[in-house]
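Now for the letters of each chain:
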Amino acid sequence: MHSYDPRLAELLFAYMRKRLTLDPVPLDQPVGEDALHGRLAGLIGAQGHDPAEVLRVYDEHLSRAVISCDSPRYLSLMPAAPTKAAVMFDMVVSSASVQGASWLEASGAVAAENQVLALLARLAGLPREAGGCFVSGGTAANLSALAVARETAREKRDRPTTGAPMRVAVGHQAHSSIMSALRLLDLDPLLVTEEDHRLTGPALRVALDAAERDTGTVIAVVASAGTTNAGIVDDLTGVGRIAQEHGMWFHVDGAYGAAALLAPSVRRRLAGIERADSLVVDPHKWLMAPYDCAALLYRSPELARAVHAQDAEYLDIFHAHDTVRWNPSDYAHHLSRRARGLPLWFSLAVHGTDAYARAVEAGIRLARHTADLIHQHPRLELLREPELSVVLFRRRGWSADDYRKWCADLLARQIAFVCPTRWEGQAAARLVFLHPDTTTGIVKEVLDTL
């Protein structure tokens, strides 16, 4: 099984070359469970099969039952638009099964990942000593960061360690993974009433004043640098200032929107992000990296290391080795990890940050142009002006079922992948522009169906 098979290699390389050259990338769509089970029947058993036949099943049936998030017509949830350089280098990393748990095992990979993390920290205005690691996604990053916030609060002498529950201030538009992390960490949310769906410093102050009359200690606050549903950037300066005044941990979830740090047209919206104690940005969203890749940064990495570093006899070598510089396993709730930051590192080195800035700006421009088209459309209502690259709108007179049918029809006709959402309790449509190859022609094609 471990011998190099040139026939197998050429078979797979030819398929990869074919997939990489698809232009445009087709959307494809889900297939019924029974049909897929039928295609898979008998493929795994005591004896193996001809690789060409197994690949044919994947190519003709399995791959086409996967909606391609790298298609310029993928306009829902959070698309991905990995550069070809990043995708191909992901193959390079996989070809050697490069892991990245420790400096001892993977110093070359870790050094390259840290170069990217340093770039992101510099863009955010974090101090030179800031650092962290790459994890699988925003959910893992938010959980890891809030674990550090909790344990850091426990270490403070002026905080109660027993009795009253610890609480984290959070807005209603925060990503669903934040509430999940709070449950897992046994932290209670302090829901802050937002101003026009935006978490602000004044609103946080009011909530904290009220919280002081209740039992429990507010140890942290989470702000969004681009909410998932609407692309709203919270008042990072105001929230960060109040967090500092109260000695609270300031976590910024920029999984989607922090990529806008590269965009001069909207960079000012992210003012205050430099106050963060921890920051998340997912390159597999708007920084053109393949799945799965999320950057987790800490202002003071030693606090994270004190929480996440694992202690075991067989791991002593990680921390005792004379050349130890940085162990990514020390900065999140993981030990084994793939070097998922390397494809982004390669693509950045090949293309340069100016190319990335242009790609991010393309999504912002298209969102604004789409908003103009919606304003001009007699049957559509723009729900709010886009701040980044998310556009929310309604078709007048439609029910939730109308939106579902419309989205299903778009996918069936391979016009676009669009999912309905809710805004202020009512059904709505949502478009997200991350792929620089998404054109105004595609947008008009979608809107013409309304």
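Residues numbered from 1 in each chain as written. Predicted model: local features only at pLDDT ≥ 70, side-chain atom pairs only at ≥ 80, totals over all residues. Heavy atoms only, no water.

Caption draft 1: Layout of the overall build of the chain. Within the chain, the regular secondary structure consists of 16 helices and 11 strands. Computed over C-alpha atoms, the radius of gyration of the chain comes to 23 Å, within 12% of the 22 Å expected from 2.2 N^0.38 for 450 residues, which places it in the range of a compact globule. On the principal axes, the C-alpha backbone points of the chain span a range of 65 × 65 × 45 Å. The proportion of buried residues among the 450 residues of the chain is 53%. Across the chain, the fraction of contacts at a sequence separation of at least 24, relative to all contacts at a separation of at least 6, is 73%. Total accessible area on the chain stands at roughly 20900 Å², and carbon and sulfur atoms take up 52% of it. Here the chain carries 47 positive and 53 negative side-chain charges, and the mean point of each set is 4 Å from the other. (Helix = DSSP H or I, 4+ residues; strand = E, 2+ residues; numbered from the N terminus. Rg over C-alpha atoms; globule rule 2.2 N^0.38 Å. Buried < 20%, exposed > 50% of the residue type's maximum accessible area, 1.4 Å probe, protein only. Contact = heavy atoms within 4.5 Å. Areas by Shrake-Rupley, 256 points an atom, 1.4 Å probe, with all protein chains shown as cover. Lys, Arg positive; Asp, Glu negative; His and termini not counted. Charge placed at Lys NZ, Arg CZ, Asp CG, Glu CD.)

Caption draft 2: Representation of the pattern of salt bridges in the model. Enumeration according to the criterion identifies 24 salt bridges in this entry. The salt bridge involving Arg 269 is made with Glu 387; its shortest N-O contact spans 3.9 Å. Of this pair, Arg 269 sits in the loop between strand E5 (249–253) and strand E6 (278–281) while Glu 387 sits in the loop between strand E8 (380–382) and strand E9 (390–395), placing them 118 residues apart in sequence. Here Arg 404 makes a salt bridge to Asp 401, at a shortest N to O gap of 3.7 Å. Of this pair, Arg 404 and Asp 401 both sit in helix H15 (residues 400–412), 3 residues apart, which is roughly one turn of that helix. What makes Arg 404 partly exposed here is its relative accessible area of 47%. A network of salt bridges, in which partner residues are shared, links Asp 196, Arg 198, Arg 269, Arg 384 and Glu 387. (Salt bridge = Lys/Arg side-chain N within 4 Å of Asp/Glu carboxyl O.)

Caption draft 3: Quick peek at the nonpolar core. Residues Leu 204, Val 221, Leu 236, Phe 250, Val 252, Ile 273 and Trp 286 are the most contacted members of the largest nonpolar core, which totals 63 residues. Not counting chain neighbours up to four residues away, the residues in contact with Trp 286 comprise Tyr 256, Ala 259, Ala 260, Val 360, Ile 364, Leu 388, Ser 389, Phe 433 and Leu 434. Core analysis: the next-biggest nonpolar cluster, separate from the first, contains 42 residues, Phe 89, Ala 174, Ala 220 and Ala 304 among them. (Core = buried A, V, L, I, M, F, W, Y, C linked by side-chain atoms within 4.5 Å.)

Caption draft 4: Molecular detail of the layout of surface pockets. The volume enclosed by the largest pocket comes to roughly 1500 Å³. Lining the largest pocket are 43 residues, with Arg 19, Leu 20, Asp 70, Val 87 and Met 91 sitting closest to its centre. Put simply, the parts of the chain that give the lining of the largest pocket at least two residues each are helix H1 (6–20), helix H3 (51–62), helix H4 (84–95) and helix H14 (353–376). Element by element, the count of residues in the lining of the largest pocket is highest for H1, at 7 residues. When its residues are assigned to classes, the lining of the largest pocket shows 25 nonpolar, 7 polar and 11 charged. In this structure, the second largest pocket spans a volume of roughly 500 Å³. Lining the second largest pocket are 20 residues, with Gln 173, Thr 228, Asn 229, Thr 421 and Arg 422 positioned closest to its centre. Element by element, the count of residues in the lining of the second largest pocket is highest for strand E10 (residues 420–423), at 4 residues. When the residues that make up the lining of the second largest pocket are grouped by side-chain class, the tally is 6 nonpolar, 11 polar and 3 charged. (1 Å grid on protein atoms, 1.4 Å probe; cavity = no way out; pocket = protein on both sides within 12 Å on 5 of 7 lines; lining within 4 Å. Points joined across faces, edges and corners; volume = space filled by probe spheres on them. Nonpolar A, V, L, I, M, F, W, Y, C, P; charged D, E, K, R; others polar.)

Caption draft 5: Structural detail: the sheet that holds E6. Taken together, the 7 strands give an open sheet; going across it, the order is E1-E7-E6-E5-E4-E2-E3, and neighbouring strands pair in mixed fashion. At either margin of the open sheet sits one strand with a lone partner, and together these are strand E1 (131–135) and strand E3 (188–192). On average, adjacent strands in this sheet sit at an angle of 20 degrees to one another, irrespective of strand direction. Packing of helix H8 (residues 201–211) onto the sheet brings it into contact with strand E2 (166–171), E3 and strand E4 (217–224), and relative to E3 it is tilted by some 130 degrees. (Pairing = 2+ DSSP bridges. Axes fitted to C-alpha atoms, helices over the stretch in contact; angles between N-to-C directions.)

Caption draft 6: Inspection of H4 at higher detail. The end-to-end C-alpha distance of H4, which contains 12 residues, comes to 17 Å, matching closely the 16 Å that a straight helix rising 1.5 Å per residue would cover. Of the residues making up H4, those classed as buried are Ala 85, Ala 86, Phe 89, Asp 90 and Val 93. The arc that holds every buried residue of H4, seen down its axis, measures 140 degrees, which confines them to one face. Taken together, the buried residues of H4 touch helix H13 (342–351). Following H4 by one or two positions, Ser 97 has its phi on the positive side, about 50 degrees. (Expected span 1.5 Å × (residues − 1). Arc of directions from axis to C-beta.)

Caption draft 7: Inspection of the side chain of Arg 394 at higher detail. Within the fold, Arg 394 resides in strand E9. From its side chain, Arg 394 meets the backbone oxygen of Ala 427 in a polar contact 2.9 Å long. Among all residues touching Arg 394, those that are not within four sequence positions of it are Arg 379, Leu 380, Glu 381, Leu 383, Tyr 403, Trp 423, Gln 426, Ala 427 and Ala 428. (Polar contact = N/O pair within 3.5 Å; in protein donor to acceptor, adjacent residues only side chain to side chain.)

Caption draft 8: Looking closely at empty space enclosed by the protein. Under the definition given, this model contains 5 cavities of 30 Å³ or more. Roughly 60 Å³ of volume is contained in the largest cavity. Considering the residues around the largest cavity, the lining is formed by Ala 174, His 175, Ser 224, Gly 226, Thr 227, Thr 228, Asp 253, Gly 254, Ala 255 and Tyr 256. Residue composition of the lining of the largest cavity, by class: 3 nonpolar, 6 polar and 1 charged.

Caption draft 9: Quick look at unusual backbone geometry. In this structure, Pro 24 follows Asp 23 across a cis peptide bond, with omega equal to 5 degrees. Mapped onto the elements, Pro 24 comes out in the loop between H1 and helix H2 (33–40). Each neighbour pair has its own omega, and for Tyr 291 with Asp 292 the value is -5 degrees, a cis peptide bond. With respect to the helices and strands, the residue Asp 292 is situated in the loop between helix H10 (283–286) and strand E7 (294–298). The phi angle at Asp 28 is positive, at roughly 65 degrees, despite the residue not being glycine. With respect to the helices and strands, Asp 28 occurs in the loop between H1 and H2. Phi is positive for Ser 97, which is not a glycine, with a value near 50 degrees. Inspection of the secondary structure puts Ser 97 in the loop between H4 and helix H5 (103–124).

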